[in-house]
Amino acid sequence: MHRPQATPIAPKTASKFPRKHMVAAGAIVLSMAAGMLLMPSEPVEAERISQAVELNVITPSVAETPVVEEIVEPLIEWRELIVGKGDTLSDMFARANLSAGDMMNIINSGKHGKSLTRIYPGQSISYARDDSGKLIGLRHHISRLESTEFTLTEDGIEAEKIVLTPDVFEQYKTATIDSSLFLAGQRAGLSQNQIMEVAGIFSGVIDFVLDPRKGDNFSVLYEELYLNGEKIGDGNIIAAQYNGEDGEYTAYRYTDEQGNVGYYSPDGVSMRKAFLRAPLDFTRISSSFNLRRKHPIHNKIKAHRGIDYAAPRGTPIYAAGDGRVIKAGYSKANGNYVFIQHGEQYVTKYLHLHKRKVKQGQRVKQKQIIGSVGSTGYATGPHLHYEFLVNGVHRNPRTIVDKLPKAKSIDKREMARFSEATQPVAQQFAAYQQRFAMNDISADQGN
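Residues numbered from 1 in each chain as written. Predicted model: local features only at pLDDT ≥ 70, side-chain atom pairs only at ≥ 80, totals over all residues. Heavy atoms only, no water.

1. Points about the overall build of the chain
Right, on to step 1. Of regular secondary structure, the chain possesses 10 helices and 20 strands.
Right, on to step 2. Taking the intrachain contacts of the chain between residues at least 6 apart in sequence as the baseline, contacts between residues at least 24 apart amount to 59%. (Helix = DSSP H or I, 4+ residues; strand = E, 2+ residues; numbered from the N terminus. Contact = heavy atoms within 4.5 Å.)

So, in structure tokens, the structure goes:
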């Protein structure tokens, strides 16, 4: 049996839609296909979102930027008080209107606090308060280079020692004596302390009251100290030389292996002798040693077993050597007096003192102040009467020192160290001297 062929349904169904509907359906199908082609895969989209999140974290919008407030430290105002003669720490605190309780807390805060109990004229105390008036800081200015700062907090008191290091420069000065060492030193630009140091260095070999003569000259190599470009003082004398009628004396500063500082000749002989040439500096002698001198008060020939040094009242008097005070008192003739025993053989006597600074039985060191010049007892004016006895016999203080034991020298085992330390100084000192001598020659030729 013949079966008729089936007719496809789709064409018949499609033929039933209007043409415009068919066109619209085709457009929809094409757009969906294009969308499928352009849409990224899931991993790619995830990465894009992740990058967007990360970008937002790294570069937040302006609205999300945090605001940082600047912390301004409060300005602390320090005030300074100068320590005057006779001032105590209590006086300084009272003047600054600071409490005694704060003072005691600082003093008891430790070793630095206890140092505040020793303040001296010329030093200063600085302090700072907070807005409520409470003490928060204190500074003790010991010198331009040294100070101690105390910080007061709720937790206690902190102390800090502050030591500044100055710049050190060498300076050289030379002078020729016209009337005295003191005036010559002043003309050369040396300070009073430096001139006294020069005299102290040579005090065992030169009596600067009688020995200097017109035309003598001396030179000094010393340190100058600077802080922030400003000179704040003088340092040590490194080398010194004195040329006089009695010879040439050169001294170099040297610190030995034990840490002792002294001045020595180029051969290592100490400039410090057993006795000073004179027991006080830069004065004039009104009466030298004379056994046939007429006494100015009694108007009689009376042995004058010593030397009179005329000087202003209050001038310090030094012990001529190490020893022990065997007498210190007052008598009608001698006024205030001090006698010192030096070893077994020697005794020095000091009469007509204004004030005594030592007591009987006290040990003294050479150049220690034992009193001051006065006019007590049989004296027509302020002066020191000085006597020197050897085994109980009066000797001329001017000449006896030359007959005493020689000075101490550098130990032979230390001479190599001494030479190594002083040789560069000697060369530098000589170079300065030569340079200034050539300048003087040029100046003379120019005239």
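2. Looking at the packing of aromatic side chains
Right, on to step 1. One pass over the full model with this rule turns up 13 aromatic pairs.
Right, on to step 2. Their ring planes at 70° and their centres at 6.0 Å tell us that Tyr 264 and Phe 418 sit as a pair that is edge-to-face. Of this pair, Tyr 264 sits in strand S10 (residues 261-264) while Phe 418 is found in helix H10 (residues 415-446), placing the two residues 154 residues apart along the sequence.
Right, on to step 3. Residue class for Tyr 264 comes out buried when judged on its relative accessible area of 12%.
Right, on to step 4. Between Tyr 337 and Phe 339, the aromatic rings sit 5.0 Å apart at their centres with planes inclined by 35°, giving tilted as the arrangement.
Right, on to step 5. A connected cluster of aromatic rings, assembled from ring pairs, spans Tyr 172, Phe 429, Tyr 432 and Phe 436.
Right, on to step 6. One Lys or Arg, Arg 139, reaches over the ring of Trp 78 and ends 3.7 Å from the middle of that ring. (Phe/Tyr/Trp six-rings, centres within 6.5 Å; stacked < 30°, edge-to-face > 60°. Buried < 20%, exposed > 50% of the residue type's maximum accessible area, 1.4 Å probe, protein only. Lys NZ or Arg CZ within 6 Å of the ring centre and 35° of its normal.)

3. Here we look at the packing of helix H7 (residues 181-188) against helix H8 (residues 192-201)
Angle between the axes and distance between the axes are the two parameters that describe a pair of packed helices.
Right, on to step 1. Two numbers describe how H7 lies on H8: the axes approach to 10 Å, and their chain directions differ by 130°. Of the possible angle classes, the one that applies to H7 and H8 is oblique. Judged by the twist between their axes, the crossing of H7 over H8 is right-handed. For the pair formed by H7 and H8, the contact residues are Leu 181, Phe 182, Gly 185 and Gln 186 on the first element and Gln 192, Ile 195 and Ala 199 on the second.
Right, on to step 2. Across the contact of H7 with H8, the residue classes break down as 4 nonpolar, 3 polar and no charged. (Axes fitted to C-alpha atoms, helices over the stretch in contact; angles between N-to-C directions. Parallel < 35°, antiparallel > 145°, perpendicular 65-115°, else oblique. Left-handed = near helix turned anticlockwise from the far one by under 90°. Nonpolar A, V, L, I, M, F, W, Y, C, P; charged D, E, K, R; others polar.)

4. A few points about the pattern of salt bridges
Right, on to step 1. All chains considered together, the criterion is met by 14 salt bridges.
Right, on to step 2. Linking Arg 79 and Glu 77 is a salt bridge whose minimum nitrogen-to-oxygen distance equals 3.7 Å.
Right, on to step 3. Among the residues examined, Glu 77 registers a relative accessible area of 53% and is labelled exposed.
Right, on to step 4. Between Lys 231 and Glu 224 there is a salt bridge, and its shortest N-O distance comes to 3.1 Å.
Right, on to step 5. A single salt-bridge network, built from bridges that share partners, covers Glu 224, Lys 231 and Asp 234. (Salt bridge = Lys/Arg side-chain N within 4 Å of Asp/Glu carboxyl O.)

5. Things to note about the environment of Leu 351
Right, on to step 1. By the secondary structure assignment, Leu 351 is in strand S16 (residues 346-356).
Right, on to step 2. Look at Leu 351 and you get buried, because its relative accessible area is 6%.
Right, on to step 3. Separated by 17 residues in sequence, Leu 351 and Asn 334 have C-alpha atoms that sit 5.4 Å apart.
Right, on to step 4. Non-local contacts of Leu 351, meaning those with residues more than four positions away in its chain, are made with Asn 334, Asn 336, Tyr 337, Phe 339, His 383, Leu 384, His 385 and Glu 387.

6. Observations regarding unusual backbone geometry
Right, on to step 1. At Asn 228, a residue that is not glycine, the phi angle is positive and equals roughly 55°.
Right, on to step 2. Position of Asn 228 among the secondary structure elements: in the loop between strand S7 (217-227) and strand S8 (230-244).
Right, on to step 3. Residue class for Asn 228 comes out exposed when judged on its relative accessible area of 77%.
Right, on to step 4. For His 352, which is not glycine, the phi torsion reads 65° and is therefore positive.
Right, on to step 5. Considering the arrangement of structural elements, one finds His 352 in strand S16.

7. Description of the pairing of strand S14 (residues 323-331)
In regular strands, side chains alternate between the two faces of the sheet.
Right, on to step 1. Direction of pairing for S14 relative to strand S17 (residues 363-364): antiparallel, over a ladder of 2 bridges. When the sheet's bridge partners are listed, Arg 324 is paired in S17 with Arg 363.
Right, on to step 2. Between S14 and strand S15 (residues 335-342), which pair antiparallel one after the other, the connecting turn spans 3 residues. (Pairing = 2+ DSSP bridges.)

8. Digging into the pairing of strand S19 (residues 383-390)
Right, on to step 1. Counted residue by residue, S19 has 8 buried out of 8 residues, so it is predominantly covered.
Right, on to step 2. Along S19, one buried face is formed by His 383, His 385, Glu 387 and Leu 389 and the opposite face, lined by Leu 384, Tyr 386, Phe 388 and Val 390, is buried too.
Right, on to step 3. Bridge count for S16 against S19 is 6 bridges, and the pairing is antiparallel. What sits directly across from Thr 348, in S19, is Phe 388.

9. Regarding the nonpolar core
Among soluble globular proteins, nonpolar side chains are generally buried collectively.
Right, on to step 1. The biggest cluster of nonpolar side chains holds 27 residues, and the ones touching the most others in it are Tyr 309, Val 338, Ile 340, Tyr 350, Ile 370, Leu 384 and Phe 388.
Right, on to step 2. At the level of elements, strand S12 (307-310), S15, S16, strand S18 (369-373) and S19 are the ones that each hand at least two residues to this core.
Right, on to step 3. A per-element tally of this core places S19 first, with 4 residues.
Right, on to step 4. Setting aside its immediate chain neighbours within four residues, Ile 370 contacts Ile 317, Tyr 318, Ala 319, Val 338, Ile 340, Tyr 350, Leu 353, Lys 355, Arg 356, Lys 357, Val 358 and Val 364.
Right, on to step 5. Formed by 23 residues, the second largest nonpolar core is a distinct cluster that contains Ile 177, Leu 181, Ile 237 and Met 271. (Core = buried A, V, L, I, M, F, W, Y, C linked by side-chain atoms within 4.5 Å.)

Any link to function would need more than the numbers given here.
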